[in-house]
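Residue-level structure breakdown
Single-letter residue listing:
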Amino acid sequence: MKRFPVARLIKLLIAFGIPLLVLMMPNDNIPLENLTLIQHRLLAIFLLAALLWVLEPVPVFATSILIIALELIMISDKGLHWFRQPPTGHEMGICLLTPIFSALSLHPLLFFLWGDLR
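Small disclaimer: the values here were computed from a predicted structure and weren't measured. (Residues numbered from 1 in each chain as written. Predicted model: local features only at pLDDT ≥ 70, side-chain atom pairs only at ≥ 80, totals over all residues. Heavy atoms only, no water.)

Turning our eyes to something else, we now look at the overall build of the protein. A count of helices and strands for the protein gives 6 helices and 0 strands. Shown N-terminal to C-terminal, the secondary structure of the protein runs as helices and strands in the order α-α-α-α-α-α. Relative to its 118 residues, the protein shows a buried fraction of 26%. By sequence separation, contacts in the protein at least 24 residues apart represent 56% of the contacts at least 6 residues apart. Just so you have it, the protein exposes about 8,500 Å², and 71% of that area is on carbon and sulfur atoms. (Helix = DSSP H or I, 4+ residues; strand = E, 2+ residues; numbered from the N terminus. Buried < 20%, exposed > 50% of the residue type's maximum accessible area, 1.4 Å probe, protein only. Contact = heavy atoms within 4.5 Å. Areas by Shrake-Rupley, 256 points an atom, 1.4 Å probe, with all protein chains shown as cover.)

Structure below.
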């Protein structure tokens, strides 16, 4: 049985741990003025993408698909019900589902995805 490399495990913990900490931070503790809930979530998703691309604990194409899926789940107007309810006293912001899905239909993206899956 193959052992899971410890270095990859550490990279995964760093890549997912830091964005989770940012996501759990209250909006008031982030030093950006008038930050909506969607902007807060996008900040965490962007940080996750950057760390996954730099540290490379998973393939790059898997990171790209994960980012689009997280955007669909966490910030779109048709996302999971738990993510659509802003906490009291915070503005949600607006993000429609159609622009996120249109990112999946770009021909160069499909070309690179199918090229990496071979």
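Packing of helix α1 (residues 6–24) against helix α2 (residues 37–55) leaves a shortest axis separation of 8 Å and a crossing angle of 165 degrees. Between α1 and α2, the angle is such that the two are roughly antiparallel. Handedness of the crossing formed by α1 with α2: right-handed. Here K11, I14, A15, F16, I18, P19, V22 and L23 of α1 lie close against α2, whose contacting residues are H40, R41, L43, A44, L47, L48, L51, L52 and L55. For the contact of α1 with α2, the residue count by class is 14 nonpolar, 1 polar and 2 charged. (Axes fitted to C-alpha atoms, helices over the stretch in contact; angles between N-to-C directions. Parallel < 35°, antiparallel > 145°, perpendicular 65-115°, else oblique. Left-handed = near helix turned anticlockwise from the far one by under 90°. Nonpolar A, V, L, I, M, F, W, Y, C, P; charged D, E, K, R; others polar.)

Now for the nonpolar core. Counting 10 residues, the largest nonpolar core is built from A15, I38, I45, L48, A49, L51, L52, I67, M74 and I75. Residue assignment for this core shows that the elements contributing at least two residues are α2 and α3 (60–74). Once residues within four sequence positions are removed from consideration, I45 is found in contact with I67, L70, E71 and M74. (Core = buried A, V, L, I, M, F, W, Y, C linked by side-chain atoms within 4.5 Å.)

What follows deals with the packing of α2 against α3. Where α2 meets α3, the axes come as close as 10 Å, and the angle between the chain directions of the two elements is 170 degrees. In terms of orientation, α2 and α3 fall into the roughly antiparallel class. Taken together, the residues of α3 that come into contact with α2 (itself represented by R41, L42, I45, L48, A49, L52 and W53) are V60, T63, S64, L66, I67, L70, E71 and M74. Taken together, the residues of the contact of α2 with α3 sort by class into 11 nonpolar, 2 polar and 2 charged.

For the rest of this paragraph, the subject is a nonpolar patch on the surface. A surface patch of nonpolar side chains, about 330 Å² in accessible area, is lined by V6, I10, I14 and I18. Topologically, V6 is positioned in helix α1. Residue class for V6 comes out exposed when judged on its relative accessible area of 52%. (Patch = residues over 30% accessible without salt bridge, like charges linked within 9 Å, V, L, I, M, F, W, Y side chains within 5 Å. Salt bridge = Lys/Arg side-chain N within 4 Å of Asp/Glu carboxyl O.)

For an α-helix, 3.6 residues make a turn, and residues three or four places apart therefore share a direction. In this model, α3 (15 residues) spans 21 Å end to end at C-alpha, consistent with the 21 Å of a helix rising 1.5 Å per residue. Every buried residue of α3 is accounted for by T63, I67, I68, L72 and M74. (Expected span 1.5 Å × (residues − 1).)

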